[in-house]
Structures are given as C-alpha cells and as structure tokens.
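Overview (structure and organization)
In case you want the letters, here they are:
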Amino acid sequence: MRKLKLQVQMTIDGFVAGPNGELDWMWVAGKDENSFRDVINLADSCDTILLGRKMTREFVDYWEKVVDTQPDSPEQPLAQLMVNLRKVVFSRTQTSISGRNLEVENGDLAAAVQALKKEPGKDIMVYGGANFVSALISQNLIDEYYIFRTPVAIGSGLSIFTDRKILKLESTIKYKHGKRLEKYLPA
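My aim in this report is to walk through the structure given alongside it, one point at a time. (Residues numbered from 1 in each chain as written. Predicted model: local features only at pLDDT ≥ 70, side-chain atom pairs only at ≥ 80, totals over all residues. Heavy atoms only, no water.)

**Comments concerning the environment of D32**
We apply this condition: Secondary structure elements follow DSSP: runs of H or I of four or more residues count as helices, runs of E of two or more count as strands, with numbering from the N terminus. Relative accessibility under 20% of the residue-type maximum defines a buried residue, over 50% an exposed one, and the middle range a partly exposed one, all with a 1.4 Å probe and only protein chains included. We call two residues in contact when some of their heavy atoms are within 4.5 Å. Any pair of N or O atoms that falls within 3.5 Å is considered a polar contact. Within protein, one atom must be able to donate a hydrogen and the other to accept it, and sequence-neighbouring residues count only if both atoms are side-chain atoms.
Within the secondary structure, D32 sits in the loop between β1 (4-11) and α1 (33-44). Relative accessible area serves as the criterion here: at 7%, D32 is assigned to the buried category. Note: C-alpha distance between D32 and K168 (136 residues apart in sequence) is 26 Å. Filtering out sequence-adjacent residues up to four positions away, D32 remains in contact with Y175 and K176. Within the structure, the side chain of D32 is placed 2.7 Å from the backbone nitrogen of N34, a separation counted as a polar contact.

Written out as structure tokens, the structure reads:
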C-alpha cells in the first residue's frame with residue numbers, strides 16, 4: 001500500500017504560515033541547495049500530490065509559470081515535477097479546477113485517501129493548505145511527516161496540529177543556516 005507523506009515548512013514555534021497565510025519567513029535563514037535537493041528527492045518518491053482547494057490556484061499557477069516562462073530557473077527541476085505529477089484537489093465546493101494533470105475529488109476525505117493509497121504506484125505527497133492538512137492529520141491519514149523546520153519564530157499563525165498527536169522522530173538532517181528536515185512517524 002502506498003504511503004501518504006506530508007511535506008511542510010514550519011517555524012520553530014510550530015506555524016506553517018502567518019495569521020493571513022504569509023510565507024515571508026520561509027527563507028529568512030537563507031536558501032540551501034542541499035535542502036532543495038531533498039525537496040526534489042521527496043517529490044520524486046511520489047507520483048501523486050494531494051492539495052486542499054484553497055491553496056491550489058496559487059500552487060498550480062506558480063509552478064506552471066516557472067515551467068512555461070523560466071527555462072533557466074534553478075527551480076525548473078522541481079517545477080517540472082510539480083506540473084507533471086498527478087494532482088488531486090479536495091474540495092467541497094468546486095467540481096472543476098483548471099491545471100495540468102489535475103482532478104477534483106468531492107467525496108469523503110478518508111475514503112478517497114484510502115482508495116488512493118490502494119492504487120498501484122509510488123507514494124503520495126501532500127503539501128497543504130493548513131486546514132486540509134489538519135483534516136488529514138486529525139483522521140490519522142498521514143503515514144510520514146517531513147517537516148522542514150526554519151529557525152525563525154513568528155509568534156502567531158496557522159498551525160496544522162489542532163489536537164494532541166504523538167509522533168516518533170525517525171531522523172533529522174541539518175542544513176546550513178540552521179534549517180532542519182525532521183522525519184516523524186505516527187507513534
């Protein structure tokens with residue numbers, strides 16, 4: 001059975017975005033080619049991406065623009081993956097959303113994710129948004145947590161954890177500028 005992996009950027013005080021969805025804190029510690037390589041490797045271990053409806057438009061538009069108009073961008077390898085991988089968007093309000101390799105799922109979240117896990121293929125990756133990820137976590141659907149922890153505190157913001165969740169730290173990779181990739185498994 002395929003695993004559902006969560007990859008998320010998080011502040012040291014546990015937020016995945018500012019109160020209004022701000023992500024300006026994400027690169028305060030600087031960019032690191034090793035962490036970027038690990039993001040690509042994680043994405044390449046999957047053949048399907050799950051997204052919540054609220055973040056889909058920005059996600060799809062950003063990566064399609066990089067692929068279509070920025071051939072020399074250092075983000076090109078990741079952009080190619082983001083555009084070419086199958087994307088399943090979960091929505092209660094929309095039945096169609098434009099984007100390459102994108103389909104909309106309106107059914108029961110747990111049933112749909114379990115059905116996707118039973119399909120043949122590589123693993124499945126979820127990137128967000130915060131409310132969608134919270135729903136997946138609260139229903140115990142995440143099999144592996146990959147948290148890129150940035151050494152910055154923002155004081156308030158959006159969290160993906162709404163209830164107590166016991167996790168087991170599996171591994172940590174340290175990058176320059178203090179950023180870490182922490183892999184957790186459900187305990």
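**Some points on the packing of α1 against helix α3 (residues 76-84)**
Spelled out, the test is: Between N-to-C directions, angles span 0 to 180 degrees; the directions come from axes that are lines fitted to C-alpha atoms, helices contributing only their stretch in contact. Comment on the angle field: the value is read as roughly parallel under 35 degrees, roughly antiparallel over 145, roughly perpendicular from 65 to 115, and oblique elsewhere. Crossing handedness follows the turn of the near helix against the far one: under a right angle anticlockwise gives a left-handed crossing, and clockwise gives a right-handed one. Polar here means any residue outside two lists: the nonpolar Ala, Val, Leu, Ile, Met, Phe, Trp, Tyr, Cys and Pro, and the charged Asp, Glu, Lys and Arg; Gly therefore counts as polar.
At a minimum axis separation of 10 Å, α1 and α3 run at an interaxial angle of 25°. By the angle between their axes, α1 is roughly parallel relative to α3. Note that α1 runs across α3; the crossing there is left-handed. Residues F36, V39, I40, A43 and D44 of α1 form the contact with α3, whose own contacting residues are P77, L78, L81 and M82. Residue composition of the contact of α1 with α3, by class: eight nonpolar, no polar and one charged.

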